[in-house]
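Each chain, letter by letter, is given below.
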Amino acid sequence: MTEKSSALYVVPTPLGNLADMTPRAVEALRRAAWVACEDTRHSAPLLKHFGVSARLLAAHRHNEEAAAQQIVARLDEGESVALVCDAGTPAISDPGARVVARARAAGHRIVPLPGPCAAVTALSASGLAEPRFLFHGFLPAKARQREEALRELAGLRHALVFYEAPHRIVETVEAMRSVFGPERTLVLARELTKLFETIHVCPLGEAPAWLEAEANRQRGEFVLIVSGASPSADDGEGERVLKLLLGEGLPVKQAAKLAHAITGAAKNALYDLALRLREHDDSAR
Ligand code: SAM
């Protein structure tokens, strides 16, 4: 497929501080014939502020497929389109991925611009030394599903990065404390780049009380980062319990599931280990 001259620019916008708009982002918006916005009313003041006169079209989670077709049609006409979301980087816990996929499939160039993203901004100030992180974004709203999602992550050594809304912040932090235990470190990054920016770091066990101590601490937008599982607690205990259960003759799947429920070690890793141990036993017979 030959590449066409027009391009889809994926343009991050500020999280709250207009000075975080990069010169390249401004230029891309000014040059584009169209700006695809999550909410045109929300983005209009920002675009006006930066002297962007492009025509606007809506691309949000309820119309993303139809919007993608519209955007591809504009690109096919030789017009460039800039894609923005309400704040931060498109396609990161926001619509945009489908638009990018459709535009690429139609042979168009995708030009991603680096810029504001709440997860990366919070990570840079976390002080956590884990070499790897896992971006989870929003957890399920319902308590049971949320707890299940947290359990699946409990044994990972990655720093775990979540987005959360103010009305769920206390219950989510409580759930994290109960699933991950009180010892792991929590970084609460609130209202990043804004007037009331707060970055609070404490053991998970102390976090609910810290949040409850002042109503303002529960207001605004949050990134939560939890330090990874410690290697000794994870591997040693998970493996020990798994071996006990396999020794009692439990099937591989059930043994891995129970060892995960008992120790919080990663379920997939336990399952792989259980398969290897059982194979080893079988071949030793
Ligand atoms: N696409 C965005 C990005 O690149 O970060 C994320 C959009 S998502 C719909 C919105 C969530 O991002 C908020 O609920 C909050 O968890 C997080 N967020 C956005 N702005 C933030 C800020 N200024 N401070 C802390 N968290 C923020």
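Just above sits the structure.
The paragraphs below set out a description of the structure included in this document. (Residues numbered from 1 in each chain as written. Predicted model: local features only at pLDDT ≥ 70, side-chain atom pairs only at ≥ 80, totals over all residues. Heavy atoms only, no water.)

What follows covers the packing of helix H6 (residues 143–153) against helix H7 (residues 169–180). H7 packs onto H6 with a crossing angle of 45° between their chain directions and a minimal axis gap of 10 Å. Taken together, H6 and H7 sit at an angle that is classed as oblique. The way H6 lies across H7 gives a crossing that is right-handed. Touching Arg146, Glu147, Leu150, Arg151 and Leu153 of H6 are Glu171, Thr172, Ala175, Met176, Val179 and Phe180, all from H7. Class assignment for the residues of the contact of H6 with H7 results in six nonpolar, one polar and four charged. (Axes fitted to C-alpha atoms, helices over the stretch in contact; angles between N-to-C directions. Helix = DSSP H or I, 4+ residues; strand = E, 2+ residues; numbered from the N terminus. Parallel < 35°, antiparallel > 145°, perpendicular 65-115°, else oblique. Left-handed = near helix turned anticlockwise from the far one by under 90°. Contact = heavy atoms within 4.5 Å. Nonpolar A, V, L, I, M, F, W, Y, C, P; charged D, E, K, R; others polar.)

With respect to topology, five strands assemble into an open sheet ordered S6-S7-S10-S8-S9, the strand pairing being mixed. Two strands in the sheet have a free side with no partner beyond their single neighbour: strand S6 (133–138) and strand S9 (198–203). Going across the sheet, the axis of each strand differs from the next one's by a mean of 15°, ignoring polarity. Pairing of strand S8 (residues 185–190) with strand S10 (residues 222–226) involves five bridges; the strand directions are antiparallel. Across the sheet, leucine 188 pairs through a bridge with leucine 224, a residue of S10. Sheet strands touched by H7: strand S7 (159–164), S8 and S10. Its angle to S10, the strand with the most contacts, is close to 5°. (Pairing = 2+ DSSP bridges.)

Before going further, it helps to examine the site of the ligand. Contacts to the ligand come from 19 residues, most closely from Thr89, Ile92, Tyr163, Leu192 and Phe222. Contacts to the ligand include aspartate 94, whose side-chain N or O atom sits 2.8 Å from a nitrogen atom. One of the backbone nitrogen or oxygen atoms of leucine 192 is found 2.8 Å away from a nitrogen atom of the ligand. Protein burial of the ligand: of its 570 Å² of free accessible surface, 91% is covered by the chains. Of the pockets mapped on this structure, the ligand occupies the largest pocket. Mapped onto the shell around the ligand, the elements with two or more residues apiece are S7 and S10. Here the shell around the ligand is composed, by residue class, of eleven nonpolar, three polar and five charged. Split by domain, the residues of the shell around the ligand number at least three in each of domain 1 (7–116) and domain 2 (119–229). (Near = heavy atom within 4 Å. Polar contact = N/O pair within 3.5 Å; in protein donor to acceptor, adjacent residues only side chain to side chain. Areas by Shrake-Rupley, 256 points an atom, 1.4 Å probe, with all protein chains shown as cover. 1 Å grid on protein atoms, 1.4 Å probe; cavity = no way out; pocket = protein on both sides within 12 Å on 5 of 7 lines; lining within 4 Å. Sits in = over half its atoms within 2 Å of the grid points. Domains from an automatic or database assignment.)

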